Amino acid sequence: MAIKYIFLVSRQAKLRLAKWYTTLTPKEKTKTIKEVSLVVLSRKPKQCNFIEHRDTKVVYRKYASLYFIAGIDLDDNELLTLEIIHRYVEVLDRSFGNVCELDLIFNFQRAYFILDEMIMAGELQESGKGTVLRVLAQMDETEAAENAERGWADINLEGVAKTAMLTVQEFKQSFTR
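Bear in mind the structure is a predicted one, so any value in this text is a computation, not a measurement. (Residues numbered from 1 in each chain as written. Predicted model: local features only at pLDDT ≥ 70, side-chain atom pairs only at ≥ 80, totals over all residues. Heavy atoms only, no water.)

**As for the sheet that holds strand S4 (residues 56-63)**
Within a beta sheet, neighbouring strands are joined by backbone hydrogen bonds and run either parallel or antiparallel to one another.
1) Next: Overall, antiparallel pairing links the five strands, which are arranged S2-S1-S5-S4-S3 in an open sheet. A strand with exactly one partner marks an edge of an open sheet, and here the two such strands are strand S2 (15-20) and strand S3 (50-53). Here the strands of the sheet are splayed against their neighbours by 20° on average, with no regard to which way each runs.
2) Next: Pairing between strand S1 (residues 3-10) and strand S5 (residues 66-72): seven bridges, direction antiparallel. Paired with Ser10 across the bridge in S5 is Leu66.
3) Next: Helix H1 (residues 26-42) rests against S1, S2, S3, S4 and S5 of the sheet, and its axis sits at about 60° to S1.
4) Next: Strands S1 and S2 of the sheet are contacted by helix H4 (residues 108-118), whose axis makes an angle of about 30° with S2. (Pairing = 2+ DSSP bridges. Helix = DSSP H or I, 4+ residues; strand = E, 2+ residues; numbered from the N terminus. Axes fitted to C-alpha atoms, helices over the stretch in contact; angles between N-to-C directions. Contact = heavy atoms within 4.5 Å.)

**A few points about the pairing of S5**
1) Next: With respect to burial, S5 is a largely interior element, seven of its seven residues being buried.
2) Next: Residues Leu66, Phe68, Ala70 and Ile72 of S5 are buried on one face, and the alternating residues Tyr67, Ile69 and Gly71, pointing to the opposite face, are buried as well.
3) Next: Both S4 and S5 contribute to a ladder of seven bridges, which runs antiparallel. Looking across to S5, one finds that Val59 is bridged to Ala70.
4) Next: Hairpin geometry of S4 and S5 is characterised by an intervening segment of two residues between the two adjacent antiparallel strands and by a positive phi of about 55° at Ala64. (Buried < 20%, exposed > 50% of the residue type's maximum accessible area, 1.4 Å probe, protein only.)

**A closer look at the packing of H4 against helix H5 (residues 129-150)**
1) Next: Relative to each other, H4 and H5 sit at 135°, their axes nearing to 10 Å. As judged from the angle between their axes, H4 and H5 are oblique. Considering only the axes of H4 and H5, their crossing is right-handed. Residues Arg110, Phe113, Ile114, Glu117 and Met118 of H4 pack against Val132, Val135, Leu136, Met139 and Asp140 of H5.
2) Next: Along the lines of polarity and charge, the residues of the contact of H4 with H5 split into seven nonpolar, no polar and three charged. (Parallel < 35°, antiparallel > 145°, perpendicular 65-115°, else oblique. Left-handed = near helix turned anticlockwise from the far one by under 90°. Nonpolar A, V, L, I, M, F, W, Y, C, P; charged D, E, K, R; others polar.)

**Overview of the packing of aromatic side chains**
1) Next: Inspection of every chain in the model, using the stated rule, returns six aromatic pairs.
2) Next: Note on Phe68 and Tyr88: the rings are 6.2 Å apart at their centroids and 75° apart in plane angle, and the pair reads as edge-to-face. Placement of the pair is Phe68 in strand S5 and Tyr88 in helix H2 (residues 78-96), with a sequence separation of 20 residues. Both residues of the pair, Phe68 and Tyr88, belong to the buried class. (Phe/Tyr/Trp six-rings, centres within 6.5 Å; stacked < 30°, edge-to-face > 60°.)

**Quick word on the pairing of S1**
1) Next: The element S1 is largely enclosed, with a buried count of eight among its eight residues.
2) Next: Where S1 lies against S2, five bridges are found, and the strand directions are antiparallel. Its bridge partner being in S2, Tyr5 is matched across the sheet by Trp20.
3) Next: Taking the residues between adjacent antiparallel strands as the criterion, S1 and S2 are bridged by four residues, where Ala13 takes a positive phi near 65°.

**Brief notes about H2**
The periodicity of an α-helix, 3.6 residues per turn, causes residues three or four positions apart to be oriented the same way.
1) Next: Taking 1.5 Å per residue, 19 residues should reach 27 Å; H2 reaches 27 Å between its end C-alpha atoms and fits that length.
2) Next: Among all positions in H2, only Thr81, Leu82, Ile84, Ile85, Tyr88, Val89, Val91, Leu92, Ser95 and Phe96 are buried. (Expected span 1.5 Å × (residues − 1).)

**Observations regarding the nonpolar core**
1) Next: Counting 29 residues, the largest nonpolar core has Phe68, Tyr88 and Leu92 as its most contacted members.
2) Next: Only S1, S4, S5, H2, H4 and H5 provide two or more residues apiece to this core.
3) Next: The dominant element in this core, judged by the number of residues it contributes, is H2, at eight residues.
4) Next: Discounting residues that sit within four places of it in the chain, Leu92 has contacts with Phe68, Gly97, Val99, Leu104, Ala111 and Ile114.
5) Next: The next biggest cluster of nonpolar side chains, apart from the first, holds 13 residues, and it includes Tyr5, Ala18, Tyr67 and Ile69. (Core = buried A, V, L, I, M, F, W, Y, C linked by side-chain atoms within 4.5 Å.)

Here it is in structure tokens:
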């Protein structure tokens, strides 16, 4: 099983996450994302979730407003790839509590960390949800301990980020008036 890439795309064709396991130029990556996204987004819900694109087989699955897309070798197992995508979504759900597109936008580093725990160099490394979630819990504990050492334990970083976003939105609205 050799995964070439995994990316997440919204219904509006906005790229939300991309992980490449093959070497391509930035131009080739952009072209691949655009071509594959257009094909996947144009397909009807009752159509098959497998497509051949150039020298890869594209396997995708839609969850809520996001399309989880993986490119694999032509001779690889599509059903196993669908299972890997589903397992990734399950871990995201457990980690975020019913994951949504905004969770991935504002916590993209966590989404990448989960993906890196599961897949390394295009190969499935850990399929156990419990194992990945334990590693995430350890990461959270370590981060909390480091924040406490720095004196940041009392600071609500999520609140600071939301306040900053509101300030940016107010700034943008002042220009549109």
